[in-house]
Amino acid sequence: MRADGTTAGAIDTNSVSVATVGNDVVVGGVNPADRNIIFSHSSITQSAGIAVLGGTSLIYGNYVGIAKDGITDLSPTSVDANGLTAPFSMGINLLNVSSSTVGGAAAGMRNLISGNTANVVISSANNVVQGNYIGTDYTGNVRHTITNGMGVTAVAGSNSLIGGTGEGEGNLIAGVRGSGVEVADMYIQPIDHRVIPVKIAILGNSIHSVGVFNLLGVGKSNLGIDISNFTDTDGNFAPDQFDGRGPTVNDATDVDAGPNGTINFPVLKTAQQIGNQLTVTYDLDSAGSPSNSYRVEFYANNNRTIFGYGPGETYIGSATVSPGTDKTATLTVNGNLSGKALSATATAVDNTTGSGFGATSEFAHNISIASESDFDADGIPDSEEDAGPNSGDANDDGILDRLQPTVTTFVNSANIYITLATEGCSENGTVSSIDLASLDRKDNGYHYPYGLTDFTLYCSRGDTVDVEVN
Ligand SMILES: [Ca+2]
Ligand SMILES: [Ca+2]
Ligand SMILES: [Ca+2]
Ligand SMILES: [Ca+2]
């Protein structure tokens, strides 16, 4: 890095710009004058802008991978066949026997870690990553000119905390090609050895705009939190194969093992906001807490991932519960959340760790937040669905249409009741009638005795949907 903090020096492979090994080593500081602009190109995973090789480091207030303007990406712009920036650039690597703190809740502690193939990599125990901006510019905005691979990746070690439950402790992770946070084991094929990260707590972060750029290997994740499996086929400790990307299904009673114990996520059933109260019903079938207690965090999302899970944009509240079915959480929320996608995570309460928390799950499958007048959040008020044919069960399946997010009964512009029933996607979104008179281009050769219906469905990648209109 040149002293002016704006341009990278000559590209040096396998470089470490700052390496720390002692205890209580401070990199940066809370005053802007203490800020370091740090950048590295490397070809193997031991190299990084900041590599903590041992001991305890406190990493505050730095720009890692971004120039001093807080906007300009210092990484190479070319992308290789796996969608990784070439050459590989790593922001902060916490490895060996070390425990470090990256960022914090207090003013000035935030690091901006952005523009790297892997922004933060955790392969040691007892690290804390809090209050940082990861993948964005210095204002927290996503820019297409900043090329990010993954947000935070935990590949080994236990008891680390990403975010937290206190004010300002959550990280903002956005604008990344892969997942926001990846918890992946790594199988090192040449020596037949597997390292597995466990008890990685991921709490209170804002994760959005993930998988935003179309890419191959890394971008297949597109989740806020992804539990997956890496393989290093050539023994250089860099992953060459990415498996288990995308949602990992829950198993009954959560007996499975793996990264973060592959802890089950909550299954959301209903969510309705009345006034400033959001009432959520859900099932929880998670394991791994010594006290059989779990913190369930709820998040509202403006945009859904392509799989329909998360990403986890805005934290809105939590409940600490034991597993069970038909649990109810009542949260006091700000503003009108109806129509937004609700997701949730489960985190094991675990007093054996420094943070008091153990493993966190992937995000739950989203459901739409309903309003007081539209219980199933399909865009049509209860009163209108109830007044439909067959006493409000227009598709005659024995269930009132107002309770069915995939059956929507409404009066169209020709004053006729129409029922749109879908099968294969989780919910109907908005459903409405198009007024023919409002179209600027008309096909006069056709008649539309039932009008035209405009609709949005919430589907996930790979879904097949049947749509029936009556
Ligand atoms: Ca599981
Ligand atoms: Ca409805
Ligand atoms: Ca029905
Ligand atoms: Ca309905």
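Conventions used here
Residues numbered from 1 in each chain as written. Chains lettered and ligands numbered in written order. Predicted model: local features only at pLDDT ≥ 70, side-chain atom pairs only at ≥ 80, totals over all residues. Helix = DSSP H or I, 4+ residues; strand = E, 2+ residues; numbered from the N terminus. Buried ≥ 20, exposed ≤ 12 C-beta atoms within 10 Å, placed from the backbone. Contact = placed C-beta atoms within 7 Å. Core = buried A, V, L, I, M, F, W, Y, C linked by C-beta atoms within 7 Å. Domains from an automatic or database assignment. Pairing = 2+ DSSP bridges. Axes fitted to C-alpha atoms, helices over the stretch in contact; angles between N-to-C directions. pLDDT = per-residue confidence, 0-100.

Visitor: Provide a residue-level description of the overall build of the protein chain, including the pertinent values.
Guide: Within the protein chain, the regular secondary structure consists of two helices and 34 strands. Out of the 470 residues in the protein chain, the part that is buried amounts to 51%. A sequence separation of at least 24 residues applies to 72% of the contacts in the protein chain between residues at least 6 apart.

Visitor: So what's going on with the nonpolar core? Residues and values would help.
Guide: The biggest cluster of nonpolar side chains holds 90 residues, and the ones touching the most others in it are Ile50, Ile92, Val120, Val152 and Leu342. Top element by residues in this core is strand β27 (residues 341-349). It accounts for six residues. Two domains share this core, each providing at least three of its residues, namely domain 1 (16-246) and domain 2 (264-372).

Visitor: How would you sum up the sheet that holds strand β5 (residues 57-60)? Please name residues and give values.
Guide: In space, the six strands of this open sheet follow the order β2-β5-β8-β11-β14-β18, with parallel pairing throughout. A single partner strand is all that each edge strand has here, and the edge strands are β2 (25-28) and β18 (201-203). Within the sheet, the average angular offset between the axes of one strand and its neighbour, ignoring direction, is 10°. Two elements, β5 and strand β8 (residues 101-103), share two bridges in a ladder whose sense is parallel.

Visitor: Could you give me a rundown of the sheet that holds strand β6 (residues 63-64), with the residues and numbers involved?
Guide: Sheet architecture is open: six strands sit in the order β3-β6-β9-β12-β15-β19, paired in parallel fashion. In the strand order of this sheet, the two ends are held by β3 (37-38) and β19 (206-210), each with one partner. Relative to β19, strand β15 (residues 172-176) runs parallel, the two sharing four bridges. Residue pairing in the sheet places Ile173 in a bridge with Ile207 of β19.

Visitor: Run through the environment of Val195, naming residues and quoting values.
Guide: Topologically, Val195 is positioned in strand β17 (residues 193-195). Note: C-alpha distance between Val195 and Gly157 (38 residues apart in sequence) is 8.1 Å. In this structure, Val195 is in contact with Val155, Ala156, Asp185 and Met186, ignoring residues within four places of it in sequence.

Visitor: Which residues make up the pairing of strand β16 (residues 181-188), and what values do they have?
Guide: With six of its eight residues buried, β16 lies for the most part within the structure. Relative to β16, strand β13 (residues 150-154) runs parallel, the two sharing three bridges. Paired with Thr153 across the strands is Glu182, a residue of β16. Pairing analysis gives eight bridges linking β16 to strand β20 (residues 225-232), with the strands arranged parallel. Bridging from a neighbouring strand, Ala184 pairs with Ser228 of β20. Note that β16 and β17 share three bridges and pair antiparallel. Across the sheet, residue Ile188 finds its bridge partner in β17, namely His193. Hairpin connection from β16 to β17: four residues lie between these consecutive antiparallel strands, with Asp192 at a positive phi of about 50°.

Visitor: A description of the pairing of β20 should follow, citing residues and the corresponding values.
Guide: Successive residues of a regular strand alternate their side chains across the two faces of the sheet. Where burial is concerned, most of β20 is hidden: six out of the eight residues are buried. By the bridge criterion, three bridges tie β20 to strand β21 (residues 241-243) in an arrangement that is antiparallel. Pairing of Phe230 across the sheet is with Phe242, part of β21.

Visitor: Any details on the confidence of the model for the protein chain? Residues and values, ideally.
Guide: In the predicted model, the protein chain carries a mean pLDDT of 88, and the fraction of residues at 70 or more is 90%. Scored below 50 in pLDDT, residues 1-15 shows 31 contacts in the model against residues more than four places distant or in partner chains.

Visitor: Tell me what's going on with the environment of Ala201, and back it up with residues and numbers.
Guide: By the element assignment, Ala201 lies in strand β18. Spatially, the C-alpha atom of Ala201 lies 9.6 Å from that of Ala346, the residues being 145 residues apart in sequence. With residues near it in sequence (within four places) discarded, Ala201 still touches Leu161, Ile162, Thr347, Ser355, Phe357, Gly358 and Thr360.

Visitor: How would you summarise unusual backbone geometry if you had to cite specific residues and measurements?
Guide: The phi torsion of most residues other than glycine is negative, and most of the peptide bonds are trans. Residue Asp192 is not a glycine yet carries a positive backbone phi of 50°. In this fold, Asp192 is placed in the loop between β16 and β17. With a phi angle near 55°, Asn292 is a residue other than glycine that sits in the positive phi range. Residue placement: Asn292 occurs in the loop between β23 (277-284) and β24 (294-301).

Visitor: How would you explain the environment of Glu385 if you had to name every residue and give the values?
Guide: Summarising the element assignment, Glu385 is placed in helix α1 (residues 382-386). Put simply, Glu385 and Thr408 are 23 residues apart on the chain and 7.1 Å apart in space, counted from C-alpha to C-alpha.

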